[in-house]
Amino acid sequence: LRVNTSVKSDGPKERVSYLKNRDLTLNWETIAKIRSLTKLKIILKGILHPLDAIAAVKVCDAIYISNHGGRQLDTVPATIEVLPSIVKAVRLINK
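Residues numbered from 1 in each chain as written. Predicted model: local features only at pLDDT ≥ 70, side-chain atom pairs only at ≥ 80, totals over all residues. Heavy atoms only, no water.

## Let's talk about the overall build of the chain
A count of helical and extended segments in the chain gives 4 helices and 2 strands. Ordered by position in the sequence, the α and β elements of the chain form the string α-α-β-α-β-α. Classification of the 95 residues of the chain by burial places 26% in the buried group. Within the chain, counting contacts between residues at least 6 apart in sequence, those at least 24 apart form 45% of the total. A total accessible area of about 6900 Å² is found for the chain, and carbon and sulfur atoms account for 57% of it. (Helix = DSSP H or I, 4+ residues; strand = E, 2+ residues; numbered from the N terminus. Buried < 20%, exposed > 50% of the residue type's maximum accessible area, 1.4 Å probe, protein only. Contact = heavy atoms within 4.5 Å. Areas by Shrake-Rupley, 256 points an atom, 1.4 Å probe, with all protein chains shown as cover.)

## A closer look at a nonpolar patch on the surface
Residues Ile-80, Leu-83 and Val-87 make up a contiguous nonpolar surface patch of roughly 250 Å² in combined accessible area. Its relative accessible area of 32% is what places Val-87 among the partly exposed residues. (Patch = residues over 30% accessible without salt bridge, like charges linked within 9 Å, V, L, I, M, F, W, Y side chains within 5 Å. Salt bridge = Lys/Arg side-chain N within 4 Å of Asp/Glu carboxyl O.)

## Some remarks on the side chain of Asn-67
Among the secondary structure elements, Asn-67 is positioned in the loop between strand S2 (62-65) and helix H4 (79-93). Of note is the side chain of Asn-67, whose polar atom sits 3.3 Å from the backbone oxygen of Pro-77. If we ignore the near neighbours within four places in the chain, the residues touching Asn-67 are Leu-48, Val-76, Pro-77, Ala-78 and Thr-79. (Polar contact = N/O pair within 3.5 Å; in protein donor to acceptor, adjacent residues only side chain to side chain.)

## Considering the nonpolar core
Judged by nonpolar contacts, the single largest core of 13 residues is most densely connected at Trp-28, Ile-31, Leu-44, Ile-47, Cys-60 and Ile-86. Looking at this core, the elements with two or more residues in it are helix H2 (28-37), strand S1 (43-47), helix H3 (50-59) and H4. (Core = buried A, V, L, I, M, F, W, Y, C linked by side-chain atoms within 4.5 Å.)

## A word on the packing of H2 against H3
The contact between H2 and H3 brings their axes to 10 Å, and the two run at 20°. If you check the angle between H2 and H3, you find them roughly parallel. For the crossing formed where H2 meets H3, the hand is right-handed. Side by side, H2 and H3 meet where Trp-28, Ile-31, Ala-32 and Arg-35 of the first sit next to Asp-52, Ala-55, Ala-56 and Val-59 of the second. (Axes fitted to C-alpha atoms, helices over the stretch in contact; angles between N-to-C directions. Parallel < 35°, antiparallel > 145°, perpendicular 65-115°, else oblique. Left-handed = near helix turned anticlockwise from the far one by under 90°.)

Nothing here speaks to function; it is all geometry.
As structure tokens, then:
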């Protein structure tokens, strides 16, 4: 899962705080493990990067492009900003 550190923020202090508090133990292997344990549909919410979208569609039934509705952290892009690049990436692998 990617951390976007290139987006404008209130400053480096907020970015460091965000990165420090992020759970980096969740990864694509975790999602694949969940897939192996259930027959339920898996919808992954919070995709904001095209490479994450490509990885997600390989192990999930659907993806939900979202910054979780708040942008409490100014380092997160608006969903509408990333949507075109994600759609393009997913279409390329689904041809």
